[in-house]
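Architecture and fold: a report
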Amino acid sequence: MSRAPRSAAARRSWGEDDSGCTILHVDMDAFFASVELLDRPELRGRPVIVGGQHRGVVSAASYEARAFGVHSAMPVSRARLLCPQGVFLPGRHGRYAEVSREVMAVLGEVTPVMEQVSIDEAFLDVAGAVRRMGSPLTIARWVRREVRARTGVPASVGVAGTKHVAKLASAHAKPDGLLLVPLAATVPFLHSLPAGALWGVGEKTRAVLERHGLDTVADVAATPLPALHRMLGVAAGQRLHELAWGIDPRRVAPGRVEKSVGTETTFAEDVTDRAVLERVLLDQAHQCGARLRADGMLTATVSIKVRMADFTTLTRSRTLPAPTDLAHDIVTAARELLAGVTIAADGVRLLGVRAERLVGAGAGVQATLDEDPHRAKAERAMDGVRARFGSAVLRPASLIDTTRGSAFPGASRDLS
């Protein structure tokens, strides 16, 4: 769920005319926390926080926890200070994926023109479903009712004429609500919002806008385009100007290919030893490589994320000589990137690897001249063994902790 700023004024009814509003954005409410409450109903009404038990970040927080200021991406240590009475639960990503599939199956009954953008949200273009199911507003009500009845978790839905406005509408419908923004109300709705609500406005862009006195979307819309170009650059200035006036030509893209896969490790204790960090990169590279091969994808770019003990976060990326799905190539690039990072004296809190700029394995990509076919066969053979006997039965020898039988004791992982 987006944590972009919201406006109380935007939550009001904007009318019932849904003609032309065929874009729905369905967003599950505090999804991970909702699934935990589904399985543990005795926790309802209590502040539930899902994430790393001690050193990680918050993945989701129930609305009771949010009342204390807890939100996703917050360090768990901070969440414990804000909400010491909270119920802190480790993530169960397999379970969340299971419920997600059930939700997406419901949405798939409405229309094949569905774009799943994360585990808990999707866009639908219901233009082709109107004759069969009724108006967009009728369909949105059906979606909310069926998702709740079949999965037990709540969903909020935004209905609008564009993806951008539908996503903003679903955010303002939360929790467990529905908001229609008629075509005629698009600009008034947008102009009731803070500038930070616009898609693509992060902390840096928001600071630039505030420095120029642009606090609301209406302020952005009223600013001459050349002035926005000077502030933000031509491309970003043009995009924000169009969004501020409700212009968003993006269509719902069914079957959208994932743009990246990656994994992160949050350490139980800050790590200063580069040898340990390089072992982590090797483990992560094998996870990414296996995921790429399973999805039939190759990566053209490898990036790493390094978060220091003081939460300073660095990212580095490198384009590969040729797209690959091999852990050997991924870890080679990742280790070279890490070599260029100065490790702070108090160590590293989190380390991650991401495979980006994905292309299909059947896209006719030419291999590099020095590619080792035996290495590719070996990694694919490992995939087969793990698929049959489990992921823990086979791994590079350097990753085995002989005293604990695991690669990195005390660390928590997040695979996306």
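Before reading further, recall that the structure is shown in the block above.
Residues numbered from 1 in each chain as written. Predicted model: local features only at pLDDT ≥ 70, side-chain atom pairs only at ≥ 80, totals over all residues. Heavy atoms only, no water.

1. Digging into the nonpolar core
L107, V110 and V143 are the most contacted members of the largest nonpolar core, which has 40 residues in total. Of all elements in the fold, only β1 (23–28), α1 (31–39), β2 (48–51), β4 (87–89), α4 (93–108), β6 (121–125), α6 (136–151) and β7 (155–160) reach the threshold of two or more residues within this core. If sequence neighbours within four positions are ignored, V110 has contacts with L124, V126, A129, R132, M133, I139, W142 and V143. By size, the runner-up hydrophobic cluster in this structure holds 32 residues, among which are F123, A173, V181 and L214. (Core = buried A, V, L, I, M, F, W, Y, C linked by side-chain atoms within 4.5 Å. Buried < 20%, exposed > 50% of the residue type's maximum accessible area, 1.4 Å probe, protein only. Helix = DSSP H or I, 4+ residues; strand = E, 2+ residues; numbered from the N terminus. Contact = heavy atoms within 4.5 Å.)

2. A short note on the pairing of β2
Alternating residues of β2 divide into V48 and V50 and I49 and G51, and every residue in both groups is buried. Where β2 lies against β4, three bridges are found, and the strand directions are parallel. Residue pairing across strands places V48 opposite V87, the latter belonging to β4. Bridging between β2 and strand β3 (residues 58–61) involves three bridges; their strand directions are antiparallel. Note that in β3 the partner of I49 across the bridge is A61. (Pairing = 2+ DSSP bridges.)

3. Looking at unusual backbone geometry
Negative phi values dominate among residues other than glycine, just as trans dominates among peptide bonds. For the bond from K174 to P175, the omega torsion is 0 degrees, close enough to zero to count as cis. Mapping P175 onto the fold places it in the loop between α7 (163–173) and β8 (178–180). The phi dihedral of F311 is positive, around 75 degrees, even though this residue is not glycine. For R357, which is not a glycine, the phi torsion comes out positive at approximately 50 degrees. Its place among the elements puts R357 in strand β12 (residues 348–360).

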